[in-house]
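# Examining the three-dimensional arrangement
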Amino acid sequence: MMTSMYLRQVAGNLRRITGVPSRIVSSSAPLLPLSRKTNFFYPHGCGGYKWRKKDSHQWIFMFGPTAILFGINPNLVLAEDDSIQSSSENDKDEANIVGLRKSEDGSVISNIHTSKWRVFTDNGRDFFMKGKLEQAEKFFLSALQEAKEGFGERDPHVASACNNLAELYRVQKAFDKAEPLYLEAVDILEDSFGPEDIRMGVAFHNLGQFYLVQRRLKDAHIYYERALKIKGCVLGHNNVDYADTMYHLGTVLYLLGNVQDSEALFHDSIRILEEGGQGESMTCIRRLRYLSQVYLKANRLEEAENIQRKILHVMELLKGWNSLDTVIAAEGLSLTLQSIRRLREAQELLERCLDARKTLLPEDHIQIGANMLRIAKVAMVTFRQPRKTHISEAITELDRAKELLDKSTRIARQVLNKLTKQKGNKKNYGASGETTRDRCAALVILLQSLDTLGLLEITRQELIESREENVPNPQAESALFECISAYKEFGTEKSVSDSPEVKAEYVSCSTHLLSLIDNDNSTGRTQPSKEITLQELKEEIKRINDEISSSRRSKH
């Protein structure tokens, strides 16, 4: 079942409705990024709006005597859209123009069926907004029936009703029910308005979205291309809605492996936004983020860095450092800087992120622990770089890193204990998906912190005690044994222990511990704990590695 928060987010994007009547009720519901937009459509009775090039945006929503206009700019789930949940200024302006509306279109009600169609459509939308999907489905089904009886089987109102029901099924992931409704809506629109009408363009865009969500990439490619051609002819090649379809077509091409063409589409889509005065919009930021991830995946690190610096600059101008959006942008840049070994700058950025987070979040927030862990890791890598540093300075840096790791460990444990307690207090069985994700994230941070602490102790020993091999290090072993204990304590829930990220971190800790135990055995020293034997540890590592490999194979 979908959470009420998610449904409120989806409902906040029920916009770009067919037609703009003279008397409307507008909603100021917030909008979302390119991930969860749902479009419900209502026909109208306006007519005679004369199209002019400069009025193309308004024309989209007003043209046609009984036109149904599918929402331009429908959004889909992309890798880079998880971190920011705000809308562009352009989106907000559009919400004021064509927000969530009642179907009071001022047209003449010809019979009882058309009257019922309006009531059922509005009620279905209202129930959807409240997260009551079963009731919403009943009303949308009734609206479809009344549209057919009141307007005729091939009327655009029927296409509207089909699309609304299809959108609900898409949100429910009932794709087998949604597809024939989408196709019926497209068929009716083509009969009513012809194959080159703008309504066909946005309908094809919706179909592209529907197929892309399911990773039916060839189908998505076909419909996005058709949508792009129509939008280009009707709206022009510098229109933001044309750019939106261009961006999504680029996404499909990228997933199909056509990197060169997809990159050109990304760049053109961003250029159109920038030239249209939307270069600082969240829509543009999300596209820049996606492009930076494309560069990172291709190991084009300098190009990724340039894009990320641009994103950070815009976020600083718009929101300053008193915003988690800016912090996230800076953190992304710091990771890229680490990859190109510009460690000092990366560390400085992370320190600034930590300062900002401390002012924005509670002191025991898991993001603060994660930030501390990242700084300590960069410090460890920096220390191992060839350099001329006095031992006392190096020890000071290690002490600072150890302090951060101790704090991140403490925060992660507090979060895990709190989540475990909350789960124990619940009367229902099983944890929610959100709680499971939080537990996994906190456990990964705890394991990484302890693993890094073990490495730090080995480094400290190399500096202070001896650079000879096979020297026992009980502090490092203690930290790594603590990894084993933490995994067994907090990974009891199957959904947590089965997490690939948790498994990978546990294997990393276990492998490092195995190396230390082997080292101790070679010097005749007894291992410091009987929690697990050498053979048990080897078998455990092999078992989990096999599980990880099996999981990867099943996904492919």
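What you see as residue numbers is a count from 1 along each chain, following the sequence as written. Only residues with pLDDT of at least 70 get local features here, since the model is predicted, and only at 80 or more are side-chain atom pairs given and counted; chain-wide, interface and lining totals rely on the full set of residues. Only heavy atoms go into the side-chain values, all of them from the structure, while hydrogens and water stay out.

The protein appears in an unreviewed UniProt entry as Kinesin light chain from Dipteronia dyeriana.

## What to know about the overall build of the protein
Counting from the N terminus, the helices are the DSSP runs of H or I reaching at least four residues and the strands are the DSSP runs of E reaching at least two. Scanning the protein from N- to C-terminus turns up 22 helices and zero strands. Think of it in three bands: with a 1.4 Å probe and only protein chains considered, a residue is buried below 20% of the maximum accessible area for its type, exposed above 50%, and partly exposed in between. Every one of the 556 residues in the protein was classed for burial, and the buried ones make up 53%. The contact criterion used throughout is that any non-hydrogen atoms of two residues lie within 4.5 Å. Long-range contacts, defined here as pairs at least 24 residues apart, represent 71% of the contacts in the protein between residues at least 6 apart. Accessibility throughout is a Shrake-Rupley quantity obtained with a 1.4 Å probe, and a residue counts as covered only by protein chains that appear here. Carbon and sulfur atoms make up 51% of the accessible area of the protein, which totals about 25500 Å².

## Considering the confidence of the model for the protein
Per-residue confidence from the predictor is reported as pLDDT, which spans 0 to 100. For the protein, per-residue confidence averages 78 on the pLDDT scale, and residues scoring 70 or more make up 73% of the total. For the stretch residues 524-528, pLDDT sits under 50, and the model shows 11 contacts to residues farther than four places along the chain or on other chains.

## A look at the packing of aromatic side chains
Within 6.5 Å between ring centres, the rings of Phe, Tyr and Trp (the latter by its six-membered ring) count as paired, and their orientation is classed by plane angle as stacked under 30 degrees, edge-to-face over 60, tilted in between. Counted under the stated rule, the structure contains 13 aromatic pairs. Ring centres of Tyr247 and Phe266 lie 5.6 Å apart, and the angle between their planes is 55°; this geometry places the pair in the tilted category. Linking Tyr247 in helix H10 (residues 240-255) with Phe266 in helix H11 (residues 259-275), this pair joins segments that are 19 residues apart in sequence. Accessibility expressed as a relative area gives 1% for Tyr247, which makes it buried. With relative accessibility at 1%, the residue Phe266 sits in the buried group. Ring centres of Tyr254 and Tyr290 lie 6.4 Å apart, and the angle between their planes is 75°; on these two criteria the pair is classed as edge-to-face. A residue pair is termed long-range when its members are at least 10 positions apart, and Tyr254 in helix H10 and Tyr290 in helix H12 (residues 282-297) qualify at 36 residues. An aromatic cluster of three or more residues is present, and its members are Phe175, Tyr182, Phe204, Phe210, Tyr211 and Tyr223. Positioned above the aromatic ring of Phe127 is the side chain of Lys130, whose terminal nitrogen or guanidinium carbon lies 5.9 Å from the ring centre. Sitting over a ring, as applied to charges here, requires NZ of Lys or CZ of Arg to be within 6 Å of the ring centre and within 35 degrees of the ring normal. The ring of Phe193 is capped by Arg199, whose NZ or CZ atom sits 3.8 Å from the centre of that ring.

## A word on unusual backbone geometry
One can expect most non-glycine residues to show negative phi and most peptide bonds to be in trans. A positive phi angle, near 60°, is found at Arg215, a position not held by glycine. Under the relative-accessibility criterion, Arg215 is labelled partly exposed at 48%.

## Structural notes on helix H16 (residues 366-383)
Over its 18 residues, H16 extends 26 Å from the first C-alpha to the last, a length consistent with the 26 Å expected when each residue adds 1.5 Å. Extensive coverage of H16 is indicated by the burial of 13 of its 18 residues. To estimate the expected span of a helix, subtract one from its residue number and multiply by 1.5 Å.

## Observations concerning helix H19 (residues 474-490)
The end-to-end C-alpha separation of H19 is 24 Å, in line with the 24 Å expected for 17 residues at 1.5 Å each. Every buried residue of H19 is accounted for by Ala476, Glu477, Ala479, Leu480, Phe481, Cys483, Ile484, Ala486, Tyr487 and Phe490.

## Points about the side chain of Lys231
Topologically, Lys231 is positioned in helix H9 (residues 217-235). Nearest to the buried, unbridged Lys231 among oppositely charged side chains is Asp244, at 4.9 Å. Between N or O atoms, a polar contact is any pair within 3.5 Å; within protein, one atom must be a potential hydrogen donor and the other a potential acceptor, and residues adjacent in sequence are included only when both atoms are from side chains. A distance of 2.7 Å separates a polar atom in the side chain of Lys231 from a polar atom in the side chain of Thr245. For the purpose of counting charges, residues Lys and Arg are taken to be positive, whereas Asp and Glu are taken to be negative. His and the chain ends are not included. Between Lys or Arg on one side and Asp or Glu on the other, a salt bridge is scored when a side-chain nitrogen of the former is within 4 Å of a carboxyl oxygen of the latter.

## Section: the packing of helix H14 (residues 324-339) against helix H15 (residues 343-360)
Where helices are involved, their axes are fitted lines through C-alpha atoms of the stretch in contact, as for all axes, and angles between N-to-C directions lie from 0 to 180°. Close contact between H14 and H15 brings their axes to 9 Å; oriented N to C, the two are set at 160°. When the axis of H14 is compared with that of H15, the two are roughly antiparallel. Relative to H15, the crossing made by H14 is left-handed. Of the residues in H15, those in contact with Leu324, Val327, Ala330, Glu331, Leu333, Ser334, Leu337 and Gln338 of H14 are Leu343, Glu345, Ala346, Leu349, Leu350, Cys353, Ala356, Arg357 and Leu360. Per-class residue counts for the contact of H14 with H15 are 12 nonpolar, two polar and three charged. For classification purposes, angles smaller than 35 degrees are called roughly parallel, those larger than 145 roughly antiparallel, those between 65 and 115 roughly perpendicular, and all remaining angles oblique. In this scheme the crossing of two helices becomes right-handed for a clockwise turn of the near helix relative to the far one and left-handed for an anticlockwise turn of less than a right angle. Polar here means any residue outside two lists: the nonpolar Ala, Val, Leu, Ile, Met, Phe, Trp, Tyr, Cys and Pro, and the charged Asp, Glu, Lys and Arg; Gly therefore counts as polar.

## Brief notes about the pattern of salt bridges
If charged atoms from side chains of opposite charge come close, those side chains can pair. Evaluation of the coordinates by the stated rule reveals 38 salt bridges. Close ionic contact of Arg309 with Glu345 constitutes a salt bridge, the shortest N to O distance being 2.8 Å. Separated by 36 residues along the polypeptide, Arg309 in helix H13 (residues 301-319) and Glu345 in helix H15 bring together distant segments of the chain. Judged by its relative accessible area of 27%, Glu345 is partly exposed. With its nearest N and O atoms 3.2 Å apart, the salt bridge here joins Arg543 to Glu540. Of this pair, Arg543 and Glu540 both sit in helix H22 (residues 534-555), three residues apart, which is roughly one turn of the helix. Here Arg543 falls in the partly exposed class, since its relative accessible area comes to 38%. In the salt-bridge network here, residues are joined through shared partners; they are Lys488, Lys494, Asp498, Lys503, Glu540, Arg543 and Glu547.

## Structural notes on the packing of H9 against H10
A packed helix pair is summarised by two numbers, namely the angle formed by the two axes and the spacing between the axes. Two elements in contact, H9 and H10, have axes separated by 9 Å at closest approach and are oriented at 155°. Here H10 runs roughly antiparallel to H9, going by the angle between their axes. Remark: the crossing between H9 and H10 carries left-handed chirality. For the pair H9 and H10, contact is made by Leu217, Ala220, His221, Tyr224, Glu225, Ala227, Leu228, Lys231, Gly232 and Leu235 and by Asp241, Tyr242, Thr245, Met246, His248, Leu249, Val252, Leu253 and Leu255, respectively. For the contact of H9 with H10, the per-class residue count stands at 12 nonpolar, four polar and three charged.

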